[in-house]
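# Topology and contacts: notes
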Amino acid sequence: MCLMRQNLNVDTTFMAALLAAVVTAGGWLANHWLSGRAERTRRLYETSLAHVDKQLEELYGPLVFLVQEGRTAWRDFCDTLGREVVFEGPGALTEEEIDLWLFWVDNEFIPRNSAIQILLSSKAHLVVGNSMPDSHLAFIEHHASWRVAHLRWKDKGVAYRWHAKVNWPKQFETEVIETYKELKNRQAELAGHVLRI
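As the structure is a prediction and not an experimental result, all values here were calculated from the model. (Residues numbered from 1 in each chain as written. Predicted model: local features only at pLDDT ≥ 70, side-chain atom pairs only at ≥ 80, totals over all residues. Heavy atoms only, no water.)

### Some details on the pattern of salt bridges
This is how the line gets drawn: Only one rule defines a salt bridge in this text: a Lys or Arg side-chain nitrogen within 4 Å of an Asp or Glu carboxyl oxygen. Going along the chain from the N terminus, every DSSP run of H or I of four or more residues is numbered as a helix, and every run of E of two or more is numbered as a strand.
The tally for this structure, following the rule as stated, stands at nine salt bridges. Its salt-bridge partner being glutamate 58, residue lysine 123 comes within 2.9 Å of it at the nearest N-O pair. Remark: glutamate 58 occurs in helix α1 (residues 2-81) and lysine 123 occurs in the loop between α2 (95-122) and α3 (134-156); sequence separation between them is 65 residues. A salt bridge links glutamate 97 to arginine 83; the nearest nitrogen and oxygen atoms lie 2.9 Å apart.

### Focus on α3
Applied cut-off: Take the number of residues in a helix, subtract one, and multiply by 1.5 Å to get its expected span. Here's how the labels work: a residue is buried when its accessible area is under 20% of the maximum for its type, exposed when over 50%, partly exposed in between, all with a 1.4 Å probe on protein chains only. Working rule for contacts: check all heavy atoms of both residues, and any pair within 4.5 Å makes them a contact.
Between its first and last C-alpha atoms α3 spans 32 Å; for 23 residues at 1.5 Å apiece the expected length is 33 Å, and the two agree. Taken together, the buried positions of α3 are occupied by Ser135, His136, Phe139, His142, His143, Ser145, Trp146, Ala149 and His150. Residues of α3 that are buried in the fold lie against α2 and α4 (170-196). Of the residues flanking the end of α3, it is glycine 157, one or two places downstream, whose phi is positive at about 75 degrees.

### A closer look at the packing of α3 against α4
Quick note on the threshold: As a rule, the C-alpha atoms of each element are fitted with a line to give its axis, helices using only the stretch in contact, and angles between N-to-C directions run from 0 to 180 degrees. Here roughly perpendicular refers to angles of 65 to 115 degrees, roughly parallel to angles under 35, roughly antiparallel to angles over 145, and oblique to all remaining angles. It is the rotation of the near helix from the far one that decides the hand of a crossing: anticlockwise by less than a right angle makes it left-handed, clockwise makes it right-handed. Nonpolar residues are Ala, Val, Leu, Ile, Met, Phe, Trp, Tyr, Cys and Pro. Charged residues are Asp, Glu, Lys and Arg, and all others, Gly as well, are polar.
Between α3 and α4, the shortest axis-to-axis distance is 8 Å and the interhelical angle comes to 130 degrees. With respect to their mutual orientation, α3 and α4 come out oblique. Regarding α3 and α4, the two cross each other, and that crossing is left-handed. Each of Ser135, His136 and Phe139 in α3 lies in contact with α4, whose residues at this interface are Gln171, Phe172, Glu175 and Val176. Residues of the contact of α3 with α4, tallied by class, amount to three nonpolar, three polar and one charged.

### Some words on the layout of surface pockets
Which entries qualify depends on this criterion: Cavities and pockets were defined on a 1 Å grid built from protein atoms only: a cavity is a group of points that admits a 1.4 Å probe but offers it no way out, a pocket is an open group of points flanked by protein on both sides within 12 Å along at least five of seven lines, and a lining residue is one with an atom within 4 Å of any such point. Grid points are joined across faces, edges and corners, and a volume is the space filled by probe spheres set on the points.
Space inside the largest pocket adds up to approximately 720 Å³. Put simply, the parts of the chain that give the lining of the largest pocket at least two residues each are α1, α2, α3 and α4. Of the residues forming the lining of the largest pocket, the biggest block, seven residues, is contributed by α1. Residue composition of the lining of the largest pocket, by class: 14 nonpolar, five polar and seven charged.

This is how it looks when you write it as structure tokens:
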């Protein structure tokens, strides 16, 4: 009987130790799994945040600046010209107004559009979405048609209408500004998630 009690005590002690080991191992595994999951989640947020940071720094931040600067320049030109509509019809501009217009074209409008075009072509991989937005394509068409016609006039004297075949796409600047705001909000949201993990 004493031997049986001893075996029972050993078995109980062994079982208690085994149970404690299983609980400890289970706790360690659960903790390891949860901390690994948290680490994977943190890395996912950090990767997303890094991409949004890059989009803002390399594409949308400079684009917003150029678009806003362009709006200001256009208002300044219209104030200088004394009206908001430039080309109302054939012969709408006097010789003096054409000279003023061409000065602004050469020193303000086409250089800024060229900066936007270079930015879009070199950072197209940072554009939000799966394809180039229609408004961006409209901007490209506006700029390309105007730049080439203007260069032909300057180099070869080939007359043109003094402006692009396609009007400035207002939707382009609207979408750039809205996308910038959305990315700034997303950046703040992702940074908050990274800090909480």
